[in-house]
Amino acid sequence: MPGVLSMFISFIRTLLLYTALILVVRLMGKRQIGEMEPAEFVVTMLLANLAAVPMQDNAIPLLSGLVPILTVLGMELILAVLTMKSIPLRAFFCGKPSILIANGCIDQPALRSSRICLDELIEKLREKNVFDLNTVKYAILETDGQLSVMLNAKDAPACAKDAGIQATQTPLPYTIVSDGRLLSTNLALSGYDEKWLARQLEQHGCRRKDVFLFTVDAAGKTVFVRRSSK
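Residues numbered from 1 in each chain as written. Predicted model: local features only at pLDDT ≥ 70, side-chain atom pairs only at ≥ 80, totals over all residues. Heavy atoms only, no water.

Considering the nonpolar core
Alright, step 1. Within the largest apolar cluster, twelve residues are counted, these being Leu-100, Ile-101, Ala-110, Leu-111, Ile-116, Leu-121, Leu-125, Val-130, Val-136, Ala-139, Leu-141 and Leu-147.
Alright, step 2. Counting residues per element, the ones that place at least two in this core are strand E1 (98-102), helix H6 (108-113), helix H7 (118-127) and strand E3 (136-141).
Alright, step 3. Among the elements that make up this core, the one with the highest residue count is E3 (three residues).
Alright, step 4. When residues no more than four places from it in sequence are discounted, the contact partners of Leu-125 are Ile-101, Val-130, Leu-133, Val-136, Leu-147 and Val-149. (Core = buried A, V, L, I, M, F, W, Y, C linked by side-chain atoms within 4.5 Å. Buried < 20%, exposed > 50% of the residue type's maximum accessible area, 1.4 Å probe, protein only. Helix = DSSP H or I, 4+ residues; strand = E, 2+ residues; numbered from the N terminus. Contact = heavy atoms within 4.5 Å.)

Right, dumping it as structure tokens:
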């Protein structure tokens, strides 16, 4: 029994700490997930380590594990506000973009200071669908490690404006049914109602629970995908 009780306590503590970490990451903002700056990466690693200790040791009070996590969250939010208002602080904590290619010429000192070899630069260019260095006018290494590329005017893909074509704006589609579930908020935003949806599904000979995806845009264009059989 003591062993079962200890396992149950560990389960509850882990569940609470996991929930706290999810809330902390959400409060830190969406950029934390996909585009971490150096300081943000450090905070993420620190949070993981702070949560791991009370998860593994039941002798440590749960509050002793939550206080450091909330302290780090508070410091991160304060730092985020300060870096928004101060350019020197933003440069210190987040770094500055580095121009690796300027006017078609590779800046070798910039490559060395960024600790990026030529193979890595070429690989990052390929990720941007750029296979010819001669077409690149500027290549900038952003503070989150992503490479921004500007092609020469003669090598850049032509757009509708260049071709003299009057392009129409693509309306934003609303997902109305997702995996059999009705998204009522999106249905209201689309300007339609459940009666209209019922008629649409009737035309497809399908019940709502059998719909994998159903979307509609402002122009009334719909996309219907039936759920596949198991």
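Some thoughts on the pattern of salt bridges
Alright, step 1. In the structure shown here, the tally under the stated rule is three salt bridges.
Alright, step 2. Between Asp-155 and Lys-154 there is a salt bridge whose closest N-O contact spans 3.4 Å.
Alright, step 3. Overall, Asp-155 belongs to the partly exposed group, its relative accessible area being 27%.
Alright, step 4. Residue class for Lys-154 comes out exposed when judged on its relative accessible area of 72%.
Alright, step 5. Between Asp-179 and Arg-227 there is a salt bridge, with its nearest N and O atoms 2.8 Å apart. Of this pair, Asp-179 sits in the loop between strand E5 (174-178) and strand E6 (181-182) while Arg-227 sits in the segment after strand E8 (222-226); the two residues are 48 residues apart in sequence, bridging distant segments of the chain.
Alright, step 6. Here Asp-179 falls in the partly exposed class, since its relative accessible area comes to 31%.
Alright, step 7. Looking at Arg-227, the relative accessible area reads 34%, which means it is partly exposed. (Salt bridge = Lys/Arg side-chain N within 4 Å of Asp/Glu carboxyl O.)

Quick look at the environment of Gln-200
Alright, step 1. One can find Gln-200 in helix H9 (residues 194-203).
Alright, step 2. In this structure, the C-alpha to C-alpha distance between Gln-200 and Phe-214, residues 14 residues apart in sequence, is 9.7 Å.
Alright, step 3. Here Gln-200 is in contact with Phe-214 and Thr-222, once residues within four sequence places are set aside.

Observations concerning the confidence of the model for the protein chain
Alright, step 1. Summing up the model confidence of the protein chain, the mean pLDDT is 81 and the portion of residues at 70 or higher is 85%.
Alright, step 2. The low-confidence segment residues 30-34 (pLDDT under 50) makes seven contacts with residues lying over four places distant or belonging to another chain. (pLDDT = per-residue confidence, 0-100.)

Thoughts on the packing of aromatic side chains
Alright, step 1. Inspection of the entire model under this criterion finds two aromatic pairs.
Alright, step 2. Here the aromatic rings of Tyr-192 and Trp-196 are separated by 4.0 Å at their centres, their planes lie at 20 degrees, and the arrangement is stacked.
Alright, step 3. Tyr-192 gets classed as partly exposed once you look at its relative accessible area, which sits at 27%.
Alright, step 4. Trp-196 sits in the buried class, given a relative accessible area of 10%.
Alright, step 5. Measuring from ring centre to ring centre gives 5.9 Å for Trp-196 and Phe-214, while their planes differ by 55 degrees; the resulting arrangement is tilted. (Phe/Tyr/Trp six-rings, centres within 6.5 Å; stacked < 30°, edge-to-face > 60°.)

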